[in-house]
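# Inside the fold
Each chain is listed here by its residues.
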Amino acid sequence: MTQSFFQTFILLILVTDPFGNVPLFAAALKDTPIERRNKIVIRECAIAFLLLLTFMFFGKHFLEALHLSPVALRIGGAVILLMIAIRMIFPHPDGVLGKSEGGEPFIVPLAIPALAGPSALATVLLFSSTSFTDTMVHVAALAAVGIVWLMVFLSAEKLQQKLGPQVMTAFERLMGLILTAMSIEMLLGGIREFVQSL
């Protein structure tokens, strides 16, 4: 049981990549009042957690009801990530995420697809189980991952202040390049799965 918990925990950490998402969160919250940032982080992490939890239990039924395949989810998410990555590398006047009402992000793109992205959604679909014990282990692992998200993103502001704007900008460009590669890999993987299914 302990081994299953840690395997699930490590896998979810890798697919949600909280450390790699620090620049994205920093860019998204840059124009948001400081006193609002922690509340937004908590809200977005909670939304991502609830979505992944819901997908863990009902994801297969949801996709079947909409006649959507996991491949379509993967390709669609890859396209969104690629667009965000390009804006991270080549700054846009409207910022990485474009203009938003009220000057703060809501659900997209912090909760989705940064945390609860297509790879994370596809991963939790694999955790569907008829065993109550296995289900509770997976839920506990997801909750632990949610705590890691909060710890990382709530301290992102201090991290930014210590490293300085130039280092964070360089880090954001680097993460943009990595995110570009990840999104292309995800897109190619989705296309490969689609071609094999023909």
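Residues numbered from 1 in each chain as written. Predicted model: local features only at pLDDT ≥ 70, side-chain atom pairs only at ≥ 80, totals over all residues. Heavy atoms only, no water.

As a further point, take the packing of aromatic side chains. Under the counting rule described, the total for this entry stands at four aromatic pairs. Taken together, a centroid distance of 6.3 Å and an interplanar angle of 10 degrees make the contact between Phe-5 and Phe-9 stacked. Here the residue Phe-5 and the residue Phe-9 both occupy positions in helix α1 (residues 2-16), the gap between them amounting to four residues, near one helical turn. Judged by relative accessible area, Phe-5 falls into the partly exposed class, the value being 23%. On the basis of relative accessible area, Phe-9 is assigned to the buried category, the value being 17%. Counting every residue linked through ring pairs, the aromatic cluster contains Phe-5, Phe-6 and Phe-9. (Phe/Tyr/Trp six-rings, centres within 6.5 Å; stacked < 30°, edge-to-face > 60°. Helix = DSSP H or I, 4+ residues; strand = E, 2+ residues; numbered from the N terminus. Buried < 20%, exposed > 50% of the residue type's maximum accessible area, 1.4 Å probe, protein only.)

Okay, the pattern of salt bridges next. What the rule picks out here adds up to one salt bridge. A salt bridge links Arg-43 to Glu-44, with the nearest nitrogen and oxygen atoms 3.0 Å apart. (Salt bridge = Lys/Arg side-chain N within 4 Å of Asp/Glu carboxyl O.)

Another point: the UniProt feature "transmembrane region" (unreviewed entry) in the chain. As annotated in UniProt, the feature "transmembrane region" (unreviewed entry) corresponds to residues 6-29, 41-59, 71-90, 110-129, 135-154 and 174-191 in the numbering used here. Taken end to end, residues 41-59 has its terminal C-alpha atoms 25 Å apart, with 100% of it in helix and 0% in strand. For residues 71-90, the end-to-end C-alpha separation is 29 Å, with 95% helix and 0% strand making up the annotated structure. (UniProt positions renumbered as here; feature names shortened; annotations may be inferred.)

This brings us to helix α3 (residues 34-65). At Phe-58, α3 shows its strongest bend, of approximately 80 degrees. Within α3 the residues assigned to the buried category are Arg-37, Ile-40, Val-41, Glu-44, Cys-45, Ala-48, Leu-52, Leu-53, Phe-55, Met-56, Gly-59 and Leu-63. The first or second residue beyond α3 is His-67, which carries a positive phi of 55 degrees. (Bend = angle between axes of the 7 residues up to and from the residue.)

This paragraph deals with a nonpolar patch on the surface. Side chains of Ile-184, Leu-188, Ile-191, Phe-194, Val-195 and Leu-198 sit close together on the surface and give an oily, nonpolar patch of about 570 Å² of accessible area. You can call Phe-194 partly exposed: its relative accessible area is 45%. (Patch = residues over 30% accessible without salt bridge, like charges linked within 9 Å, V, L, I, M, F, W, Y side chains within 5 Å. Areas by Shrake-Rupley, 256 points an atom, 1.4 Å probe, with all protein chains shown as cover.)

Right, let's talk about the layout of surface pockets for a bit. Of the voids in this model, the second largest pocket is the one considered here, and its volume is about 300 Å³. Considering the residues around the second largest pocket, the lining is formed by 20 residues, among which Asp-17, Asn-21, Ala-114, Leu-179 and Met-182 are closest to the centre. Those elements giving two or more residues to the lining of the second largest pocket turn out to be α1, α4 (70-89), α5 (110-115), α6 (118-125) and α9 (165-197). At five residues, α9 tops the list of elements feeding residues into the lining of the second largest pocket. Here the lining of the second largest pocket is built from residues that sort into 14 nonpolar, five polar and one charged. (1 Å grid on protein atoms, 1.4 Å probe; cavity = no way out; pocket = protein on both sides within 12 Å on 5 of 7 lines; lining within 4 Å. Points joined across faces, edges and corners; volume = space filled by probe spheres on them. Nonpolar A, V, L, I, M, F, W, Y, C, P; charged D, E, K, R; others polar.)

Once that is clear, we can look at the packing of α3 against helix α7 (residues 132-154). It is the contact of α3 with α7, at a shortest axis distance of 10 Å, that shows an interaxial angle of 160 degrees. When the axis of α3 is compared with that of α7, the two are roughly antiparallel. Between α3 and α7 lies a crossing whose hand is right-handed. Packed against α3, whose contacting residues are Asn-38, Val-41, Ile-42, Cys-45, Ala-48, Phe-49, Leu-52, Leu-53, Met-56 and Phe-57, the element α7 presents Thr-135, His-138, Val-139, Leu-142, Ala-143, Trp-149, Leu-150, Phe-153 and Leu-154 at the interface. Along the lines of polarity and charge, the residues of the contact of α3 with α7 split into 16 nonpolar, three polar and no charged. (Axes fitted to C-alpha atoms, helices over the stretch in contact; angles between N-to-C directions. Parallel < 35°, antiparallel > 145°, perpendicular 65-115°, else oblique. Left-handed = near helix turned anticlockwise from the far one by under 90°. Contact = heavy atoms within 4.5 Å.)

Time to look at the side chain of Thr-16. Here Thr-16 lies in helix α1. The class of Thr-16 is buried, set by a relative accessible area of 0%. A polar contact of 2.6 Å, which involves the side chain of Thr-16, links it to the backbone oxygen of Leu-12. Polar side-chain contacts of Thr-16 include one of 3.2 Å to the side chain of Trp-149. In this structure Thr-16 touches Asn-21, Leu-52, Ala-114, Leu-115, Ala-120, Val-145 and Trp-149, once residues within four positions along its chain are discounted. (Polar contact = N/O pair within 3.5 Å; in protein donor to acceptor, adjacent residues only side chain to side chain.)

Attention now moves to the nonpolar core. Phe-25, Leu-52, Leu-115, Val-124, Trp-149 and Phe-153 are the most contacted members of the largest nonpolar core, which totals 44 residues. For this core, the elements supplying multiple residues, two or more each, are α1, α2 (22-28), α3, α4, α5, α6, α7 and α9. No other element matches the nine residues that α3 contributes to this core. With residues near it in sequence (within four places) discarded, Val-124 still touches Leu-12, Leu-52, Phe-55 and Met-56. (Core = buried A, V, L, I, M, F, W, Y, C linked by side-chain atoms within 4.5 Å.)

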